[in-house]
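Take a look at the letters that make up each chain.
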Amino acid sequence: MSDHSSSAATPAGTATSVLEHPLVDGPVGPGCRKTDPIVIADGVTRQFGGLTAVDVEHVEIPRGQITALIGPNGAGKTTLFNLLTGFDKPNTGTWQFDGKSLAGVSAYKVSRSGMVRTFQLTKSLGRLTVLQNMLLGAQKQKGENLFRALFRALWKGEEADITTKAEELLARFKLDEKSEDYAASLSGGQRKLLEMARALMTNPRLVMLDEPMAGVNPALTQSLLGHIKDLKSEGMSVLFVEHDMHMVRHISDWVIVMAEGKIVAEGPPEKVMEDPAVIDAYLGAHHDTDLGDIDGPNPVEEAEKAAAARHADEHDDHEQKHGKDEA
Amino acid sequence: MDWGNILGNAAGELISPTTAAYALAAIGLNIHFGYTGLLNFGQAAFMLIGAYAFAISVLTFGAPLWVAVLAAFAASILFAFVLGIPTLRLRADYLAIVTIASAEIMRFVVTTTSLTNVTGAANGLSNFSGGFYDINPLPEGRYGFGPFVYSADQWWVRLVGWGIVLLATLLVFLLMRSPWGRVVKAVREDEDAVRALGKNVYSYKMQALVLGGVFGSLAGVIFILPRAVQPANYGTALTFFIWTIMLLGGAATLFGPIIGAMIFWVVLSLTQGILYGLIDVGILSFISTSQAGQIRFILVGLALMLLVIFRPQGIFGNKKELSFSV
């Protein structure tokens, strides 16, 4: 790939020994180079007033894989999404998708180039039917031109083709029963499904899902996970934002961790969870310092210790959450 | 009270050229607001621009009819671009503010005395529709049936006015069943979602603004054919009458603007006839006829309030669509 001379950021503060991975060209670490990246971003920053929401030195998204973008609240994941897809403008930075520079390109052109996104808060088009929502996703429709639109003969055939395609996708996402209902009548989880299905109508090469699992019940989550895996098997690359570590472990091939706007760790899911930078990001860098010793007696701490002692036999999971609250 | 006369006048409003002009302006506004979700509070400006472009081309430049109509088209397209280029990238509310302000600006511009030789200032313009009546193919004389007895020229302006309304309705029908219509309706629902699917939202909003504006401008031309151009006619009240008509018939419906305009004018005529009649026979002794004229518009305001509270979807609107809070 062209842009590989640039800085692969030094794995600052990472204690892990040098790790190799088939997806990675060189050692694994934050900002590491991939053997076959689909997105390469350099020096992307975005400030809101005095706050630096995103400050990414270098990041690459592997092609044909499912990549998870994780990080605590306010880490800048969604902002990075917005920047890459043209929904927000960065203060600095360049990035390319499939070798084509997309910096400063407007959102609709980004989507046309094959990089399509969904939203954290689903944007189903309420007073359009589910089928119309789907048909909207098809690209380069002749009937979307004001003058050709007047003559049905010009777009009738195309409309029939994309309707067939839309119905197939709806059946796959188990929304075919609903195709004539208004999208506003769908449940939250069904809207997530619809949004994903609609994005697929554009024939994307990279699907970017912003919290696809948020607010979806466990049963639907399973089918959503299945659909995301299907995307990969159809040759698409997937980048998704997620909070839930279990989901991430389940389906992703690669995990990128953000905190305070920066990429702090990268790696395969089973390894990245052990990375101290990730634990710091999620639990706070001082999660194992005993604040009580520094500041003198702390009644809250005392009480919590007592509580912890009572629940000593509870498993690690609980303890982690406990620590998180404290942080 | 002469009920025959009152009902006859009211029936006449059904097919009057003014009703046709209001219906056409409402069809344009329906493209803006009903289908695309653009908050245009300056439809009066598009009507003003059509009217003045037509009248000035004829009076100042001696243009033939077709050139005058083309001038009305061109002026409204230009105006739509001037409005849209800075505002359509912004949130919907900004377009509302800009349109209401620019409509007032246009009205003050044509009223200014330094333009008297072109716009006629506060007196407006008249005697410009000769070219239109010259091509009237109808035979001379008065004919018709029931309350609809008119002269050849009166029939001519009604035929042309309603012909254009029907053509505009056909155009809206063709567009809104097409993929183009799907995109603008989606823009109404959520711009960002449409952008994320690779559609140039800005361009679609501009197309809708221009199209609805051209209809508004043509409405302005039809409106002035049977009368003079009066700048006072193009105040904000005109815009809100057009809004009333569109909401009355039902936003985003095909025939809503037409039926809305008919009901609006028939009700205005009926209330006027009845109020004047009551004053005449001495039942309403405490108001004058000019006060009665104002009461009609108070009733219009009241009707609009009742409408949006109790039947927000209008006459043709789909209650189901409205039950979703969007």
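Residues numbered from 1 in each chain as written. Chains lettered and ligands numbered in written order. Predicted model: local features only at pLDDT ≥ 70, side-chain atom pairs only at ≥ 80, totals over all residues. Heavy atoms only, no water.

Peer 1: Go over the overall build of chain A with me, naming the residues and quoting the values.
Peer 2: When helices and strands are tallied, chain A shows 12 helices and 10 strands. For chain A, buried positions account for 48% of its 327 residues. Put simply, of all contacts in chain A between residues at least 6 apart along the chain, 67% involve residues at least 24 apart. As presented, chain A carries roughly 15,500 Å² of accessible surface, and 52% of it is formed by carbon and sulfur atoms. (Helix = DSSP H or I, 4+ residues; strand = E, 2+ residues; numbered from the N terminus. Buried < 20%, exposed > 50% of the residue type's maximum accessible area, 1.4 Å probe, protein only. Contact = heavy atoms within 4.5 Å. Areas by Shrake-Rupley, 256 points an atom, 1.4 Å probe, with all protein chains shown as cover.)

Peer 1: So, a negative patch on the surface: which residues are in play, and what are the values?
Peer 2: Together, A:Glu167, A:Glu168, A:Asp176, A:Glu177, A:Glu180 and A:Asp181 make up a negatively charged patch on the protein surface. Relative to the helices and strands, A:Glu177 is located in the loop between helix H4 (152-172) and helix H5 (188-200). (Patch = residues over 30% accessible without salt bridge, like charges linked within 9 Å, V, L, I, M, F, W, Y side chains within 5 Å. Salt bridge = Lys/Arg side-chain N within 4 Å of Asp/Glu carboxyl O. Lys, Arg positive; Asp, Glu negative; His and termini not counted. Charge placed at Lys NZ, Arg CZ, Asp CG, Glu CD.)

Peer 1: So, the sheet that holds strand S3 (residues 66-70) of chain A: which residues are in play, and what are the values?
Peer 2: Residues and elements named next belong to chain A. If you walk across this open sheet you meet the six strands as S6-S7-S8-S3-S9-S10, and the pairing is mixed. The open sheet terminates on both sides in strands that have one partner only, identified here as strand S6 (115-117) and strand S10 (262-267). Sheet twist, expressed as the mean angle between neighbouring strand axes with direction ignored, is 20°. Across five bridges, the pairing between strand S7 (residues 206-210) and strand S8 (residues 237-241) is parallel. Within the sheet, the bridge partner assigned to Asp 210 lies in S8 and is Val 241. Taken strand by strand, helix H1 (residues 77-84) contacts S3, S6, S7, S8 and strand S9 (254-259), and its axis lies near 145° from that of S7. Packing against the sheet, helix H9 (residues 276-283) makes contact with S3, S9 and S10, and its axis sits at approximately 130° to S10. (Pairing = 2+ DSSP bridges. Axes fitted to C-alpha atoms, helices over the stretch in contact; angles between N-to-C directions.)

Peer 1: Explain the packing of helix H9 (residues 179-189) of chain B against helix H11 (residues 201-224) of chain B to me, using residue names and the numbers behind them.
Peer 2: Residues and elements named next belong to chain B. Their axes nearest at 10 Å, the elements H9 and H11 cross at an angle of 105°. In terms of axis orientation, H9 runs roughly perpendicular to H11. Contacts between H9 and H11 pair Trp 180, Val 183, Val 184 and Val 187 from the former with Val 201, Tyr 204, Lys 205, Gln 207, Ala 208 and Leu 211 from the latter. (Parallel < 35°, antiparallel > 145°, perpendicular 65-115°, else oblique.)

Peer 1: Help me get a handle on the pattern of salt bridges, residues and values and all.
Peer 2: Inspection of the entire model under this criterion finds 20 salt bridges over all chains. B:Lys199 serves as the salt-bridge partner of A:Glu144, at 3.0 Å between the closest nitrogen and oxygen. Here B:Lys199 lies in the loop between helix H10 (191-196) and H11 and A:Glu144 lies in the loop between helix H3 (130-136) and H4, a pairing that spans two chains. On the accessibility criterion, A:Glu144 (8% relative accessible area) is buried. B:Arg91 is the partner of B:Asp93 in a salt bridge, and the nearest nitrogen-oxygen pair spans 3.0 Å.

Peer 1: Describe the pairing of S10(A), with residues and values.
Peer 2: Residues and elements named next belong to chain A. With five bridges connecting them, S9 and S10 associate as antiparallel partners. Bridge assignment links Ile 256 to a residue of S10, and that residue is Glu 266. The loop that links S9 with its antiparallel partner S10 comprises two residues; one of these, Glu 260, has a positive phi angle of about 50°.

Peer 1: How would you sum up the packing of helix H12 (residues 236-249) of chain B against helix H14 (residues 289-310) of chain B? Please name residues and give values.
Peer 2: All names here are of chain B. At their nearest, the axes of H12 and H14 sit 11 Å apart, and the two run at 40° to each other. Here H12 lies oblique to H14, going by the angle between them. Crossing hand, H12 versus H14: left-handed. The residues of H14 that touch H12, namely those facing Phe 241, Thr 244, Leu 247 and Leu 248, are Phe 297, Val 300, Leu 304, Leu 307 and Val 308. Class assignment for the residues of the contact of H12 with H14 results in eight nonpolar, one polar and no charged. (Left-handed = near helix turned anticlockwise from the far one by under 90°. Nonpolar A, V, L, I, M, F, W, Y, C, P; charged D, E, K, R; others polar.)

Peer 1: For the sheet that holds strand S5 (residues 100-101) of chain A, give the residues involved together with the corresponding values.
Peer 2: The strands making up a sheet associate through backbone hydrogen bonding, with each pair oriented either parallel or antiparallel. Residue and element names in this part refer to chain A. The four strands are arranged S2-S1-S4-S5 in an open sheet whose pairing can be described as antiparallel. In this open sheet, the two edge strands, each paired with only one partner strand, are strand S2 (51-62) and S5. As defined by bridge partners, strand S4 (residues 92-97) adjoins S5 across two bridges and the pair is classed as antiparallel. Within S5, the position partnered with Gln 96 by the bridge is Ser 101.

Peer 1: Can you tell me about the domain arrangement of chain A, naming the residues and giving the values?
Peer 2: Residues and elements named next belong to chain A. Splitting chain A by domain gives domain 1 (18-124 + 187-296) and domain 2 (127-185). On the domain 2 side, the residues contacting the 18 residues of domain 1 number 19 residues. Roughly 1,600 Å² is buried in total at the junction of domain 1 and domain 2, and carbon and sulfur atoms are behind 63% of that figure. Seen at the junction of domain 1 and domain 2, the total is one salt bridge. Notably, a salt bridge pairs Arg 172 with Glu 234, separated by 3.1 Å at the nearest N-O pair. Where domain 1 meets domain 2, there are five residue pairs in polar contact (both at pLDDT 80 or more). (Domains from an automatic or database assignment. Buried area = accessible area lost by both parts, 1.4 Å probe. Polar contact = N/O pair within 3.5 Å; in protein donor to acceptor, adjacent residues only side chain to side chain.)

Peer 1: Go over the confidence of the model for chain A, please, and point to the residues and values.
Peer 2: Scored by pLDDT, chain A comes out at a mean of 84, with 85% of its residues at no less than 70. Ignoring residues within four places in sequence, the model shows residues 319-327 of chain A, a span with pLDDT below 50, making eight contacts including any to other chains. (pLDDT = per-residue confidence, 0-100.)

Peer 1: If you had to explain H14(B) to someone new, which residues and values would you point to?
Peer 2: Residue and element names in this part refer to chain B. The terminal C-alpha atoms of H14, which comprises 22 residues, lie 31 Å apart, in line with the 32 Å expected from a rise of 1.5 Å per residue. Buried within H14 we find Ala 292, Gly 293, Arg 296, Val 300 and Leu 307. One side of H14 holds all its buried residues, which, seen down the axis, span an arc of 110°. For H14, the exposed residues lying more than 90 degrees away from the buried face are Ser 290, Gln 294, Ile 298 and Ile 309. Tucked into the core, H14 has its buried residues touching H12 and helix H13 (256-280). (Expected span 1.5 Å × (residues − 1). Arc of directions from axis to C-beta.)

Peer 1: Tell me about the environment of B:Ala51, and name the residues and values.
Peer 2: All names here are of chain B. With respect to the helices and strands, the residue Ala 51 is situated in helix H3 (residues 43-59). Residue Ala 51 is classed as buried on the basis of its relative accessible area of 0%. Considering only alpha carbons, one finds Ala 51 and Gly 235, 184 residues apart in sequence, at a separation of 14 Å.

Peer 1: Describe a nonpolar patch on the surface, naming the residues involved and giving the relevant values.
Peer 2: Taken together, the side chains of B:Leu299, B:Leu302, B:Met305, B:Leu306, B:Val308, B:Ile309 and B:Phe310 make up a nonpolar region of the molecular surface, amounting to roughly 700 Å² of accessible area. By the secondary structure assignment, B:Val308 is in helix H14.

Peer 1: Can you tell me about the interface of chain A and chain B, naming the residues and giving the values?
Peer 2: Across the contact, 36 residues belong to chain A and 30 residues belong to chain B. Buried area between chain A and chain B, summed over both chains or domains, comes out near 3,000 Å², and the portion from carbon and sulfur atoms is 65%. On the chain A side of the contact with chain B, A:Arg127, A:Leu146 and A:Tyr182 bury the most area, a combined 24% of that side's loss. Counting across the interface, chain A meets chain B through four salt bridges. The interface formed by chain A and chain B holds 13 residue pairs in polar contact (both at pLDDT 80 or more) in total. Of the residues assigned to the side of chain A that touches chain B, the class counts are 18 nonpolar, 10 polar and eight charged.

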